[in-house]
Each structure stands twice: as structure tokens, then as C-alpha cells.
Amino acid sequence: MGVLRAGLCPGLTQDTVQLLRSRGIKTVVDLVSADLEEVAQKCGLSYKALVALRRVLLAQFSAFPFNGADLYEELKTSTSILSTGIGSLDKLLDAGLYTGEVTEIVCLCVSANVAYSLQQNVVYIDSNGGLTASRLLQLLQARTPDEEEQAGALQRIQVVRAFDIFQMLDVLQDLRGAVSQQVSSASTVKVVVVDSVTAVVSPLLGGQQREGLALMMQLARELKTLARDVGVAVVVTNHMTRDRDSGKLKPALGRSWSFVPSTRILLDIEEGTGTSGGRRRAYLTKSPRLPTGFQEMVDIGTWGTPEQSPASQGDQM
Amino acid sequence: MQFQPCDARQERARNCTDDITCSCVPSTGQGIGGGSQGTHLCRCRAGAKDRPEHRCRLLARLEGRSSLKEIEPNLFADEDSSVHGDIIEFHGPEGTGKTEMFYHVTARCVLPKSEGGLEVEVLFIDTDYHFDLLRLVTILERRLSRGSEEAVRQCLARLFVVSCGTSSQLLLTLCSLETTVCSRPALCLLILDSLSAFYWTDRASGGESVSSQESTLRTCSRFLERLAVEYRLVVLAATQSLMQTAWQGPAGGPGEPEAHYRPYLCREWQRLVKLRMFFSKQDDLKTDTQFSLVSRHLKSNSLKKHVFVIGESGIEFR
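Residues numbered from 1 in each chain as written. Chains lettered and ligands numbered in written order. Predicted model: local features only at pLDDT ≥ 70, side-chain atom pairs only at ≥ 80, totals over all residues. Heavy atoms only, no water.

Per an unreviewed UniProt entry, the recorded name for chain A is DNA repair protein RAD51 homolog 4, and the organism is Crocuta crocuta. Under the UniProt heading Subcellular location (unreviewed entry), the entry covering chain A gives this text: "Nucleus". According to its UniProt record, chain A has this under Sequence similarities (unreviewed entry): "Belongs to the RecA family. RAD51 subfamily." (UniProt positions renumbered as here; feature names shortened; annotations may be inferred.)

So this is what it looks like as C-alpha cells:
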């Protein structure tokens, strides 16, 4: 970040930049970590001017500490909890999907339900090619027989396809730009579903490549900043693999990714029924709020109890 | 270059008869050692570096910051040496309670003295957007005897949160925190969650040489050391267990995480850490998930184990 150039901040002229560059100081970081007295002597610049310059650059580029009380006020108004519509899943998530966080979970039903019951827009980023509109329609039909409502809900789901990591990063950037320009619309994007993150990241991992892990962490950072800054709930899916040594099932993408989501729910096939039934067992394996180890039965065929109140609008706190 | 503490400079300023400007005079122009408006000052060549707001630093040192023992007696019971300026590392895989421990310590610090807290200020640097203010509020509400909004807000006013997106931003932020720390003598604790968040990104962007990959982290460590030592803060930093350990434990047994620690951050950082705590989780109990932490004092090489559980109101030691 921040290559020094003229006009980057008041007081930074082209001559100063040239002088600094001749002594090996090319970026903001170099200037800040250098010994200013030495630099003043070697470059022939005024010490006080350098100190002032450093102060201005720091003020411009460093992060600003926010007071906890102000942050709390802001969170109270901007955080929403979005119900997934499946009662048992909501219990595991502590009332629903929180905006500002990344949750790992299965997501087809979730997006359909959020689009219907909460009248919110959902962006579905598909990297598997596994999303079919007919399946979404089927889920919505189980929810409501009214065709207009089904159509309305379907309209609120926006599908984007991204089949490699760079496309996905582009999509996320575009989404940020689009949302930030959206001034007072009736319904804004509240949930972003990424299905699945494994499909774009796993080709990069493995071997001696460092870049793969760095790209994965960059994607993680994009998702998290999207969740935080824009105020959406990000849901990602991941696959399960077997641990090489112990043979136990664990989420894919390794240790570094395991730190990224705030909440993780593993879905497992109920013993004896096979995949033909719609029932799965959901385990809560990571949560910032609830103790882990809870499990619930989840019916992903028709999503659970239809008497889940559709009017459970998110704005809690 | 030898660093001269401010008092020594003041001494020299008082005794000096030359009339030359000192680089450590604050911009208001007022002399610190009781001199008149900026005229009688001293050039202290032996190690003068730019230090704004010396008055605050003196005050901070004179006032004395709370001892580490008070912050968490369970963890630091044996720390009889002066513990200001210490850097403590929390290390562990995901889901083992490192962030919870930060909330626990933060709650302890910001609660008012009447509720069993220390009433000091805390600065929380969040590098991976993991900080959950609502969870901290829940913990505070449970711990306050009257969990009213006003009381919680008062506690939260003692907390400052900074979010950094890249390692360069972390570096610049650490550098600019000097002024914040200076102007708030009640600031006693600096929490960094987590230091290893940029590890892979730095490695990829640093090219082939390990030294250039680690350069930002090295400078960050330097700044952290400066903040800790000069302003006598307690620094708690978390690092994640990103590396696969070579050891294969018996199936189902967690084993000793401490013995198989593989340091992967730069040497500068390893040198700074005084106390390292290894967090791990034991899932074998059917009722409550137990967490344990092993703390290792790096100079004296002593090991201590603590066990805790996490409830609604935060961490409870067993």
C-alpha cells in the first residue's frame, strides 16, 4: 500500500519524493519505520518537515480507534438476525443468521426461505453449477401456494456464477460497489450465499504453493469485510474430507480456513435413512455465542415447521 | 543509538547553558523542565529521537499501571516480578477459547471498581474481523450486578477497537497508536487478535526471500515492543496454530499441545514474548466442554496448567 508520490498528502512534493527515493524510501511504510534523523541528514530535508509529513501520513493511512460505546450504538441499529425458516437450524444459530458474520452451513433452503419470508434480497454466488431454479421453485412451493409470492421471492434471489477465485473476487468487489451506491431502496441485499467456497479454493491448495493459501485468505478477508462493512450475513458452504491421520471427518480447506467463519454447522446423514430422505443431523461445531456440541434434526426436503412465523423480521437488539 | 529517558534529558536541559533547540520539545513550544517559553532548551545528541508529548509519558510512569496479577489472578498468580511492559502470546487452534479469554480479560478491566473490575482502559486491535461486541456486552451484562444499559455503556466507553485490513495498515496503526496511548494514561492493556492473520498474505507478497516476507511483521514487533516497554502496557497477542504438527497423537487423546509447538512467526516476535499460553479443547466429557491452557514462562521455563469452562458470563476457571 501507499507508494510515495507527489500529492499523496499535503506537504509531499515531487522533489521530496525524489530525494526520499534516492535513499531507498519508496513507500509509506518505509518512511514510517525509518529513523527520521538519519533520513533528514542524508537527504538534506528538514527534520521537522519530515516529522510533520509522517504525522500526516499516519493520520491518513492508519486505522482509527473507535470507542466501544459508539460502536455498540452503531451495532444496535445495524445488526439484524435473519431467521432461516428452519426452526431447528435457528436454534443452532442462536435465533438466526447474524449480519456482519460469516457462517458455514448448507444453503439452498436458506436462501429460498430468506427471500420469501423476510422480503429481503439474496445474492447467490454459485461456483458449483448446482443451483437450479426448479429446485428453488419446489422449495418455495412447499412454503406457499400463492404463485405471485413465489414469483416475488424468486425475483429477490439474484444468482451470479463464478467458477474460479478471481471471478469470485470480482463478483464480491462488484457487489460491494453496487451496494454502496444503493441509496434508500425498499429492500437491500441482506444475505450473500457462496456455494461453494471449496470449489474455487481447493484447486489452489496443495503442494508447495504459497499463493494458493494467500488467495484463500484474501477471499476470506473480502467475505468478512463485505459482511462487516455492508452489513450482510454471509453464508458459505464447504465440503467434508477425511483427516489424513486419524480418519475422522472434518471440514475441508484446512486449518487456516477454519479460523475464518464465526459459526460452523456440519450436516451429516442420519444413520439408517441414507440420502433419499430429507433429514439430516446438524452439529454445531463452532460458535461465538453458544456452547458447541449441540445437534438438531433438520429436514432439508421441505424445511421443517411451516408455522415458523414469516413476520420474524430481523431487527433485534 | 542509546535511548535516553526523558528525565535525563530534563536534567541536562536544566543544567545546560547553551541556547540551542531540542528535538524533543512538543510543538506548543513550552519547555518541559519548567523553562520559559521555548528559549532555554538543550540539544541532546546522544540518542534523541522524536518523542511527542513527553509530559504524558512521565505522568503515565508516575501514575503506575495496574499489575498483571490483578488483571487475572488465576493466570498470573506467580508473577512476582514487575510485569509492566510484558508481551504475552495466546496460541492455539480454532475454537479453543483465545478470543473468549480476551473478552474475559477486557471485561475484568473495564468493569468499575465497585463491581470487581479495574476501571482501566483497553485497546483492542482486531485484524481478522473476529471481534464480537455483542458477545462482550452479554458478558458485561451478566457480570454487572445491575445490568442496565447505562452501566454497560459506561464500561464500553473504556474500550477502543481498531480494525486493520492489511499488515501494512497494522504497522501504521501501531505507529500512530503512540499518540493515543500517550493521551490516555488510563490505558493499560493492548490486545491484538490476531497477529498471524496476515501470515499467508505476507508470505505470498514478499517474494522469494523469507526476510522480505517477514519484514512487516518484524517492524510491527518493534513497534509493539516500543509500546509495551515505554508506555508500560501489558500486551496480549493471539497467534493461530496454522501449521500441521509433526506429532500424531493417540486417537481421541488431545495430548500435550505445548510440547509440539512449531514457531512460524519471525524471530523478532519470538524474542519479545515473555509468557506463552497454549490453548486446547477437550471434548471427551459429555456434559461440559472443558478447555485447558498451559502457560509457559519463557525465561524460567516453568509450566503451569489451568482448566476452564466457558459459560454465558464468560470464562470460569476450575
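Here we come to the interface of chain B and chain A. Each partner contributes to the interface: chain B provides 67 residues, whereas chain A provides 53 residues. Roughly 5000 Å² of surface becomes buried between chain B and chain A when both sides are summed, with 56% attributable to carbon and sulfur atoms. Counting the surface chain B buries against chain A, the share from its top three residues, Glu94, Tyr129 and Leu172 of chain B, is 15%. Our enumeration of links across chain B and chain A arrives at five salt bridges. Sorting the residues of the side of chain B that touches chain A by element identifies α4 (98–110), β2 (121–126), α5 (133–143), α6 (149–156), β3 (159–163), α7 (167–183), α8 (199–205) and α10 (215–231) of chain B as the ones contributing at least two each. No other element matches α7 of chain B, which puts eight residues into the side of chain B that touches chain A. Tallied by class, the residues present in the side of chain B that touches chain A amount to 28 nonpolar, 22 polar and 17 charged. Relative to β3 of chain B, strand β1 (residues 66–67) of chain A is paired through two bridges, and the arrangement is antiparallel. (Contact = heavy atoms within 4.5 Å. Buried area = accessible area lost by both parts, 1.4 Å probe. Salt bridge = Lys/Arg side-chain N within 4 Å of Asp/Glu carboxyl O. Helix = DSSP H or I, 4+ residues; strand = E, 2+ residues; numbered from the N terminus. Nonpolar A, V, L, I, M, F, W, Y, C, P; charged D, E, K, R; others polar. Pairing = 2+ DSSP bridges.)

Moving on, we come to the sheet that holds strand β8 (residues 303–311) of chain B. Sheet strands associate in pairs through backbone hydrogen bonding, adopting either a parallel or an antiparallel arrangement. If you trace the 10 strands from one edge of the open sheet to the other, you get β1(A)-β3(B)-β2(B)-β4(B)-β5(B)-β1(B)-β6(B)-β7(B)-β8(B)-β9(B), paired in mixed fashion. Here the strands that pair on one side only, and so sit at the sheet edges, are β1 of chain A together with β9 (314–317) of chain B.

The next thing to look at is the pairing of β8 of chain B. Residues and elements named next belong to chain B. Pairing of strand β7 (residues 290–297) with β8 involves six bridges; the strand directions are antiparallel. Bridged to Phe291 within β8 is Phe308. A loop of five residues connects β7 with β8, the two strands running antiparallel in sequence, and Asn301 in this loop sits at a positive phi of about 60°. Across four bridges, β8 lies against β9 in antiparallel orientation. If you follow Val309 over to β9, its bridge partner there is Glu316. Hairpin connection between β8 and β9: a loop of two residues separates the two successive antiparallel strands.

Time to look at the packing of helix α5 (residues 68–78) of chain A against α5 of chain B. Two elements in contact, α5 of chain A and α5 of chain B, have axes separated by 10 Å at closest approach and are oriented at 110°. With respect to α5 of chain B, the element α5 of chain A is oriented roughly perpendicular. In this structure, α5 of chain A meets α5 of chain B at a crossing whose hand is left-handed. Between α5 of chain A and α5 of chain B, the contacting residues are Gly68, Leu71, Tyr72 and Leu75 of chain A on the first element and Leu133, Leu134, Val137 and Glu141 of chain B on the second. (Axes fitted to C-alpha atoms, helices over the stretch in contact; angles between N-to-C directions. Parallel < 35°, antiparallel > 145°, perpendicular 65-115°, else oblique. Left-handed = near helix turned anticlockwise from the far one by under 90°.)

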